[in-house]
Amino acid sequence: MKPPALARTAFSPDKDLVTADDTTAEHVMACRAMMEKAGGYRNEGPFTPFNYKPPTAPPKSTIQFPGGTGGVNWGGVAIDPTSGTVFVNSHDTSLVGWVQDKDPNVTYSFEAVGSKQPYDRASVGGVGPFFTFSAPLSGKYDDNGRPVGPSVPCHRPPWARLIAVNAHTGDILWESTLGLIEQLPEGKQLRGSSGSAGPSVTAGGLVFVGATNDRRFRAFDAKNGNELWSTMLNNNANANPMSYAGKSGKQRVAIVAGDTVMTYALP
């Protein structure tokens, strides 16, 4: 089937667990400790369900990909009708945990809309729906169990990619890692930074995309995926770029970063 999945859909600890070459030795140790605490991570490919955990049973977790917020997500795709190429921002996140009995002493938000369901999702991180397999780069937690410094995924990178697909054949034309993790050591920072917005493509062969958590706005060559330009923004640009012609007729591209619209003139 073409194209193949555009995001990670499976996980095997033997080959997919992050290594010290990917991030840091401290991060890898924290990831392994978390996996052991979780009772391992069961994965049988796409749509692996969460198991029910009886109240007295030890943790035994499921890990799902692309998780609760991963994949292509709500940003959608950009299409060049002339070349028949589809451009996609895809990122890999996980969802971990199990299903357990609802705690009768906890008031849940869904009860406000009349839900009487007796179960909830949980993990070694607590009760709730969106826990991921990630750990602090420092490998440390404070006295309250909160990570010290930034946390990043525990599966092998890249964690986000800009992908070009030939719509006529389904073949992937190119993939480019999208986004920096600046807290990683020099030479390891291009690992992909998650975000949910989509790209835009111009008739002149440029693919513009924000959609990363490193406050960058980038332009790529639509033919080969080479990064041609980037600029720092005052906030993350989790919105799709738009292109338009100003009163002078000069083409411009705009992106929303936080509460600011940033505009740039094309050469």
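Okay, so let's go over this structure. (Residues numbered from 1 in each chain as written. Predicted model: local features only at pLDDT ≥ 70, side-chain atom pairs only at ≥ 80, totals over all residues. Heavy atoms only, no water.)

### Details of the overall build of the protein
No. 1: Across its full length, the protein holds two helices and 18 strands.
No. 2: Once the C-alpha set of the protein is aligned to its principal axes, its extents read approximately 70 × 45 × 40 Å.
No. 3: Partitioning the intrachain contacts of the protein with sequence separation of at least 6 by distance along the chain shows that 51% fall at a separation of at least 24.
No. 4: Carbon and sulfur atoms form 54% of the exposed surface of the protein, whose accessible area is close to 13,800 Å².
No. 5: Charge separation in the protein, taken as the distance between the mean sites of 24 positive and 23 negative side-chain charges, equals 3 Å. (Helix = DSSP H or I, 4+ residues; strand = E, 2+ residues; numbered from the N terminus. Contact = heavy atoms within 4.5 Å. Areas by Shrake-Rupley, 256 points an atom, 1.4 Å probe, with all protein chains shown as cover. Lys, Arg positive; Asp, Glu negative; His and termini not counted. Charge placed at Lys NZ, Arg CZ, Asp CG, Glu CD.)

### Things to note about the sheet that holds strand S1 (residues 41-42)
No. 1: The five strands lie next to each other as S1-S2-S5-S6-S7, forming an open sheet whose pairing is mixed. Because the sheet does not close on itself, it has two edges, and the strands there are S1 and strand S7 (126-127).
No. 2: The pairing of strand S6 (residues 119-123) with S7 spans two bridges and is classified as antiparallel. Its bridge partner lying in S7, Ser123 is registered against Gly126. (Pairing = 2+ DSSP bridges.)

### Here's the deal with the state of the cysteines
No. 1: The tally for this structure, following the rule as stated, stands at one disulfide.
No. 2: Across a sulfur-sulfur distance of 2.1 Å, Cys31 and Cys154 are joined as a disulfide pair. Across the S-S bond of Cys31 and Cys154 the torsion is about -80°, and the bridge reads as left-handed. You can see Cys31 sitting in helix H2 (residues 25-37) and its partner Cys154 sitting in the loop between strand S9 (151-153) and strand S10 (160-166), a full 123 residues away along the chain. (Disulfide = S-S within 2.5 Å.)

### A look at the packing of aromatic side chains
No. 1: Taken as a whole and judged by the stated rule, the model has 10 aromatic pairs.
No. 2: The interplanar angle of 80° and the centroid separation of 6.1 Å between the aromatic rings of Tyr52 and Tyr119 together place this pair among those described as edge-to-face. Taken together, the positions of Tyr52 in the loop between S1 and strand S2 (61-64) and Tyr119 in strand S6 put the pair 67 residues apart, joining distant regions of the chain.
No. 3: Residue classification places Tyr119 among the partly exposed residues on the basis of a relative accessible area of 39%. (Phe/Tyr/Trp six-rings, centres within 6.5 Å; stacked < 30°, edge-to-face > 60°. Buried < 20%, exposed > 50% of the residue type's maximum accessible area, 1.4 Å probe, protein only.)

### Let's talk about H2
No. 1: The end-to-end C-alpha distance of H2 is 18 Å, a good match for the 18 Å that 13 residues give at a rise of 1.5 Å each.
No. 2: For H2, every residue scored as buried is listed here: His27, Val28, Ala30, Cys31, Met34 and Met35. Projected down its long axis, H2 shows its buried positions confined to an angular sector of 165°, all on one face. Turned more than 90 degrees away from the buried face of H2 sit Met29, Glu36 and Lys37, all of them exposed.
No. 3: In this fold, the buried residues of H2 make contact with helix H1 (13-16), S1, strand S8 (134-136) and S9. (Expected span 1.5 Å × (residues − 1). Arc of directions from axis to C-beta.)

### Thoughts on the pattern of salt bridges
No. 1: Across all of its chains, the model carries nine salt bridges by this definition.
No. 2: Of the charged contacts in the structure, one is a salt bridge between Glu175 and Arg161, with a shortest N-O distance of 3.0 Å. Taken as a pair, Glu175 in strand S11 (residues 172-177) and Arg161 in strand S10 lie far apart in primary sequence, 14 residues in all.
No. 3: When its relative accessible area of 41% is taken as the criterion, Glu175 is described as partly exposed.
No. 4: Residue classification places Arg161 among the buried positions, given a relative accessible area of 13%. (Salt bridge = Lys/Arg side-chain N within 4 Å of Asp/Glu carboxyl O.)

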